[in-house]
Amino acid sequence: MNSAQVDAYLRRLGVEHPAWPTVDALRELHLRHLQTVPFENLSIHLGEEIVLEEKRLLDKVVGARRGGFCYELNGSFGALLAALGYDVALLAARVYGDEGRLGIPYDHLALRVRTVDGGDWLADVGFGAHSHLPLAFGDRGEQKDPGGTFRIVEAEPDAAGVRGGHGTVEAADLDVFRGGAPQYRLEVRPRVLGDFVAGAWWHSTSPVSHFTRSLVCSRVTQEGGRITLSGRTLTATAADGTREVRELETDEEVLGVYRERFGIELDSVPVSRNPA
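Summarised in this report is the structure supplied together with it. Keep in mind the model is a prediction, meaning the values are calculated, not measured. (Residues numbered from 1 in each chain as written. Predicted model: local features only at pLDDT ≥ 70, side-chain atom pairs only at ≥ 80, totals over all residues. Heavy atoms only, no water.)

### Re helix α6 (residues 197-205)
Taken residue by residue, α6 has Gly199, Ala200, His203 and Ser204 as its buried positions. Viewed end-on, α6 has its buried residues packed into an arc of 130 degrees, placing them on one side of the element. The outward face of α6, more than 90 degrees from its buried face, is lined by the exposed residues Ala198 and Trp201. As for α6, its buried residues are in contact with α3 (42-46), α5 (70-83) and α7 (210-213). (Buried < 20%, exposed > 50% of the residue type's maximum accessible area, 1.4 Å probe, protein only. Helix = DSSP H or I, 4+ residues; strand = E, 2+ residues; numbered from the N terminus. Arc of directions from axis to C-beta. Contact = heavy atoms within 4.5 Å.)

What follows is the structure in structure tokens.
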């Protein structure tokens, strides 16, 4: 990523260029990303190709002012952080689903970020409702966050009896909990963006993937709540958890919400390609 691309990305987020890759700067970048770049899967339903290459991700997130799902959001954010001087590792995770079952390999992409003022951080701007700020990677206690209470703990063996890692604490898989419920199981081995192509393809094409079965566009609000458009259902969740739900009646209303609340300009209303 060149300096012009970095500057354009930072303008997209509405932040100044950080003087140093510190944890405070990381916190600001993380929160602003969640507030300005939506978590959305519209490309899947609009027939747009998803390409996990840095230039294509920047063209979409920065140039077209769109959002994306985990591979795109954390892929582009990781590239920005690396360009700003952070030590960034791409990590693979498997998401917990119904009855505690783990999803496919490369189900999710998250970031391990090291700052110049010490410490490793779990940064994740691509999981929908998650932590608003980076989590301390090595902290095994409860971590309070505007998005909830989180814990990162060493994973127990999975359904096949596999613990993950290579038999040491440092290399063991980690489970990320939110509010006492497991969110995903994280591998600590660094990956490259190309490793996630198969996962992105599966989520974009499989009839059992929740991404092909539903439409979603969501972001954190300035007040610390969340606004989400699922198909034609608009949900505004306040920071205290209270919710207001409204059904949008016309295509004009839907397109207006995409434009005014998410900054996304569309010519037509996306329609779920494989409705649940």
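### Overview of helix α1 (residues 3-13)
Side chains that are three or four residues apart share a direction in an α-helix, a result of its 3.6 residues per turn. Turning to α1, its buried residues number three or more, namely Val6, Tyr9, Leu10, Arg12 and Leu13. Taken end-on, α1 shows its buried residues confined to a sector of 150 degrees, consistent with a single buried face. Projecting away from the buried face of α1 at angles above 90 degrees are the exposed residues Ala4 and Arg11. Against α2 (23-36), α4 (54-63) and α5 lie the buried residues of α1. Put simply, Asn2 is the residue that caps the front of α1, since its side-chain oxygen is 3.1 Å from the backbone nitrogen of Ala4. (Polar contact = N/O pair within 3.5 Å; in protein donor to acceptor, adjacent residues only side chain to side chain.)

### What about the sheet that holds strand β12 (residues 233-237)?
Ordered in space as β1-β10-β11-β12-β13, the five strands form an open sheet in which the pairing is antiparallel. At either end of the open sheet lies a strand with only one pairing partner, and these are β1 (39-40) and β13 (243-247). Relative to strand β11 (residues 226-230), strand β10 (residues 217-220) is paired through four bridges, and the arrangement is antiparallel. What sits directly across from Arg219, in β11, is Ile227. (Pairing = 2+ DSSP bridges.)

### Some thoughts on the nonpolar core
If you look at soluble globular proteins, the nonpolar side chains tend to sit buried side by side. In this structure, Leu29 and Phe77 are the most contacted members of the largest nonpolar core, which totals 42 residues. If you list the elements that add at least two residues to this core, you get α1, α2, α4, α5, β2 (87-95), β3 (108-114) and β4 (120-123). The biggest single contributor to this core is α5, with six residues. Contact partners of Phe77, with chain neighbours within four places excluded, come to Tyr9, Leu29, His30, His33, Leu111, Ala123 and Val125. (Core = buried A, V, L, I, M, F, W, Y, C linked by side-chain atoms within 4.5 Å.)

Geometry only, nothing functional implied.
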